[in-house]
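# Structure at a glance
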Amino acid sequence: GEQVEQRPPHLSVREGDSAIIICTYTDSATAYFSWYKQEAGAGLQLLMSVLSNVDRKEEQGLTVLLNKKDKRLSLNLTAAHPGDSAVYFCAVSPGSWQLIFGSGTQLTVMP
Amino acid sequence: EAAVTQSPRNKVAVTGGKVTLSCNQTNNHNNMYWYRQDTGHGLRLIHYSYGAGSTEKGDIPDGYKASRPSQENFSLILELATPSQTSVYFCASGGQTSNERLFFGHGTKLSVL
C-alpha cells in the first residue's frame, strides 16, 4: 500500500527565513495531497490541500509544490515567524477512504 | 466552524482495565476516525466509520474496538488495556470522501500503567 516518508523530523530556522518540509510517496495513483498543522496540545488543522492536477499552490505565505514525476510533495513557509512553530504533517490519499499521514516535522522558528 | 469534542482529555488506566474514549461531532459528517499519534509514526488509523452503526478496521485495529451508535458519537474501546497502548488518541470527522478536510478533536492523552 501507499507509504509516505516525511523529512526532516526536526527543523529550526530564524524568523524571516524560509522553512521547507518534504514528503515522498509511493503510489502514483495518489490523487489528493494536504498539509496539516498541529500546535502544542491541540488537534491537527488543515493548512492547504491540492489535487493531483495542480503543481503549485500559494496561500498566505505558504507554497505547496507537487512533483508527480518524483512523487514528492513539499511545503515552503516563506518568511517564517515564531507563530509558525508547530508540528507539520503531510497527508495523502490514494483514492480510498483514508488519509495516509507522514511522521511529522517539528518546526521551531527562533526570534 | 466544525466541532469535534473528545473526552476525557487525559486518562490514566491500569493494565488489564477497560478504557473508553468518547468523541462527539456537531458537523453532521458521515465519516469519523480514530487515530493514535506516537513519536516517529505520525498518525496511524485505528478504526473508522462511515455512518451510524458501521465500524471498519484501520491499519492498526488489534486491541481496540469501536462503536458508532449515532451520527454524532464514535467511541474507541480498549477492553484490556496494555502499556503499549499509552499514546495520544485523536478523533476526526470528515465528509463523504477522503478528498475532504478532516476536523480533529484536541486529543486524549492515555497512560496505561
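The notes below deal with the structure included here. (Residues numbered from 1 in each chain as written. Chains lettered and ligands numbered in written order. Predicted model: local features only at pLDDT ≥ 70, side-chain atom pairs only at ≥ 80, totals over all residues. Heavy atoms only, no water.)

## A short note on the sheet that holds strand β1 (residues 4-7) of chain B
Residue and element names in this part refer to chain B. Spatial strand order, β1-β3-β8-β7: four strands in an open sheet with antiparallel pairing. Of all strands in the sheet, those bounded by a partner on one side alone are β1 and β7 (65-67). Across the sheet, the axes of successive neighbouring strands diverge by a mean angle of 20°, strand direction being ignored. Relative to strand β3 (residues 19-25), β1 runs antiparallel, the two being bridged by four bridges. Among the inter-strand pairings, Gln6 is bridged to a residue of β3, identified as Cys23. (Pairing = 2+ DSSP bridges. Helix = DSSP H or I, 4+ residues; strand = E, 2+ residues; numbered from the N terminus. Axes fitted to C-alpha atoms, helices over the stretch in contact; angles between N-to-C directions.)

## Focus on the interface of chain B and chain A
Facing 23 residues of chain B, the contacting portion of chain A comprises 18 residues. Carbon and sulfur atoms make up 56% of the area that chain B and chain A hide from each other, which totals about 1,700 Å². Our count for the chain B to chain A interface comes out at zero salt bridges. Applying the counting rule to chain B against chain A returns two residue pairs in polar contact (both at pLDDT 80 or more). For the side of chain B that touches chain A, the secondary-structure elements that each account for two or more residues are β4 (31-38) and β5 (42-49) of chain B. Among the residues making up the side of chain B that touches chain A, the classes are represented as nine nonpolar, 10 polar and four charged. (Contact = heavy atoms within 4.5 Å. Buried area = accessible area lost by both parts, 1.4 Å probe. Salt bridge = Lys/Arg side-chain N within 4 Å of Asp/Glu carboxyl O. Polar contact = N/O pair within 3.5 Å; in protein donor to acceptor, adjacent residues only side chain to side chain. Nonpolar A, V, L, I, M, F, W, Y, C, P; charged D, E, K, R; others polar.)

## Digging into the state of the cysteines
Here the structure, examined in full by the defined rule, presents two disulfides over all chains. Between the sulfur of A:Cys23 and that of A:Cys90 lies a disulfide, 2.0 Å long from S to S. Across the S-S bond linking A:Cys23 and A:Cys90, the dihedral sits near -95°, which makes this disulfide left-handed. Of the two residues, A:Cys23 sits in strand β3 (residues 19-25) while A:Cys90 sits in strand β9 (residues 86-93), which places them 67 residues apart along the sequence. Comparing A:Cys23 with A:Cys90, the two get one shared label, buried. Put simply, B:Cys23 and B:Cys91 are joined by a disulfide, and their sulfur atoms are 1.9 Å apart. Taking the sign of the torsion about the S-S bond as the criterion, the disulfide between B:Cys23 and B:Cys91, at about -80°, is left-handed. With a gap of 68 residues between them, B:Cys23 in strand β3 and B:Cys91 in strand β9 (residues 87-94) connect regions that are remote in the sequence. The class of B:Cys23 is buried, set by a relative accessible area of 2%. (Disulfide = S-S within 2.5 Å. Buried < 20%, exposed > 50% of the residue type's maximum accessible area, 1.4 Å probe, protein only.)

## Observations regarding the nonpolar core
In this structure, A:Trp35, A:Leu73 and A:Leu107 are the most contacted members of the largest nonpolar core, which totals 25 residues. Residue assignment for this core shows that the elements contributing at least two residues are β2 (10-14), β3, β4 (32-38), β5 (44-51), β7 (62-67), β8 (72-77), β9 and β11 (105-110) of chain A. In contact with A:Leu107, other than residues within four places in its own chain, are A:Leu11, A:Val13, A:Ala19, A:Leu77, A:Asp84, A:Ser85, A:Ala86 and A:Tyr88. Grouped together as the second largest cluster of nonpolar side chains are 19 residues, B:Ala13, B:Met32, B:Trp34 and B:Ala66 included. (Core = buried A, V, L, I, M, F, W, Y, C linked by side-chain atoms within 4.5 Å.)

## Here's the deal with unusual backbone geometry
Between A:Arg7 and the following residue, A:Pro8, the backbone shows a cis peptide bond with an omega angle of 0°. Relative to the assigned elements, A:Pro8 resides in the loop between β1 (4-7) and β2. Looking along the chain, the bond that leaves B:Ser7 and enters B:Pro8 is cis, with omega of -5°. Looking at the secondary structure, you find B:Pro8 in the loop between β1 and β2 (10-13). Look at A:Gln60: it is not a glycine, yet its phi comes out positive at around 45°.

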